[in-house]
Structure formats: structure tokens, C-alpha cells
Amino acid sequence: MSTPIVSGGGGSITVDVAADAYISDAGPTTNFGSSPTLRTDASPVIQSYLRFIVPPLSANVVSAQLRVYANTGVSTGYSVSGTTGSWTETGLTFSNAPIFGSRVGTSGPITAFTCTTIDVTSLVKGSGHSNFVITTTSNTATSLLSQEGAAGQRPQLIVNMGTHTGNQTPQTTPTPI
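Per-chain numbering applies: the sequence of each chain, read as written, is numbered from 1 onward. Reporting in this predicted model follows two pLDDT cut-offs: at least 70 for local features of residues, and 80 or more for side-chain atom pairs to be given and counted; totals over whole chains, interfaces and linings ignore these cut-offs and use all residues. Note that water and hydrogens are dropped before the side-chain values are worked out from all heavy atoms of the structure.

Undergrad: Just checking my understanding: could you explain the overall build of the protein for this structure?
TA: Only DSSP runs of H or I with at least four residues qualify as helices, and only runs of E with at least two residues qualify as strands; both kinds are numbered from the N terminus onward. When helices and strands are tallied, the protein shows zero helices and eleven strands. A 1.4 Å probe rolled over the protein chains alone gives each residue an accessible area, and that area as a share of the maximum for its type sets the label: buried under 20%, exposed over 50%, partly exposed in between. Taking all 177 residues of the protein together, 45% fall into the buried category. For this analysis, residues touch if any pair of their heavy atoms sits within 4.5 Å. The contacts of the protein with a sequence gap of at least 6 include a subset with a gap of at least 24, amounting to 81%. In the structure as shown, the protein presents an accessible area of about 8,400 Å², 52% of it carried by carbon and sulfur atoms. Surface exposure here means Shrake-Rupley accessible area, sampled with a 1.4 Å probe, where a residue is shielded only by the protein chains that are shown.

Undergrad: Just checking my understanding: could you explain the pairing of strand β10 (residues 142–145) for this structure?
TA: The side chains of a regular strand alternate, first on one face of the sheet and then on the other. The side-chain alternation of β10 yields two buried faces, one formed by T142 and L144 and the other by S143 and L145. Any two strands are treated as partners once DSSP identifies two or more bridges connecting them. As paired strands, strand β3 (residues 37–42) and β10 are joined by four bridges and run antiparallel to one another. From the neighbouring strand, R39 faces β10, where its bridge partner is S143.

Undergrad: Honestly, the side chain of D20 in this entry has me stumped. Any pointers?
TA: Note on placement: D20 falls in strand β2 (residues 19–24). Asp and Glu are treated as the negative residues and Lys and Arg as the positive ones, with His and the ends of the chain left uncounted. Put simply, a salt bridge is a Lys or Arg side-chain nitrogen that is within 4 Å of an Asp or Glu carboxyl oxygen. Buried within the structure, D20 lacks any salt-bridge partner; R154 is the closest side chain of opposite charge, at an N-O distance of 8.1 Å. A distance of 2.8 Å separates the side chain of D20 from the backbone nitrogen of Q147, its partner in a polar contact. Look past the residues within four positions of D20 in its chain and what remains in contact with it is G33, L38, Y49, L50, W87, E89, S146, Q147, E148 and P155. Nitrogen and oxygen atoms within 3.5 Å of one another constitute a polar contact, given that in protein one can donate a hydrogen and the other can accept it, and given that sequence-neighbouring residues count only through two side-chain atoms.

Purely spatial values, then, with no claim about function.
Spelled out as C-alpha cells, the structure:
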């Protein structure tokens, strides 16, 4: 995991994926956690799960982007949602996959052999685990690189920090009377 934290109330860090796997309704009890690729497809239903462990931060999260390298191109692209951390890379299957929340972003059309980036700021509030699910409505399979793939093209979470607190819950201290 790369964590170049910049002091002074701002900066950014790049966090490498800690766990990832895809699931398929065509193999409901099969685990694909050691695959060098992540996949999405609408038929059969194939979804990819990713987990990032964000280290302690030097400032508030201003924005966060999920960056994933695409092996294949597709006109529909993919969507990202948040999910719980109740899964493991070596144990995740279609039959035991946690449900996921509302879509927070879409990639738009994907060009093969390029990085795609989606804003996931609403799902990254600070340090700790951030879990994502990649899905698609396309019947054309999409192949993305997993953490077992080539270095430099593995999934990453880019967290930008600053003193902006618009997305943070304000902390209040009671004033004695």
C-alpha cells in the first residue's frame, strides 16, 4: 500500500487495493479471488468487489476517486456502489456476496487498455475500510485488472485531502453555561 501523506492540511494519497474478487451467477459457489482480472457482465450476472484500507489521514477527505485499468472496451461501461466489508477475497461467491447500495457513479464508455476513474467521494469519509462493487447493465463482458495483475495497473483509490469540511460532519463541543 502506498501512503505518501502530505502534511500541512492537504495533499493526496494513493491506496492500493487490499482485496478484490469477482462473482458470477453461472458459478454461484465458485470463488474468483485469485484471478488476475475483475469482470462485469449483465448476462450471466458478474460483479466485482474491491476493498481498500485507507490509512490515518492528515486532513479531511475532500474527494476520492476509484481508478481501475480496463483490459477491454465497452460502450456501456460500469457502475460503482458501496457495500459492507463482510466478505473475504478467498471466500466471496455469488451465493454469499453482501448486498450493495445505490450507485454512486458510472464510468461511461470504456476504451480498452486505459484507466477508468469514478468519483467515490460519498463512500470515503476518512480512514478505515472502503468497499465497492462494480456492476454493469451491459450484456458485453468487461475485463478489468485485479490486484493480481501487472504492477502499475492494479486498482487504486486516490484520496484528496484538504481543510474543506463540506462533506464532513461538524464536531461540536458543549459550551459550559
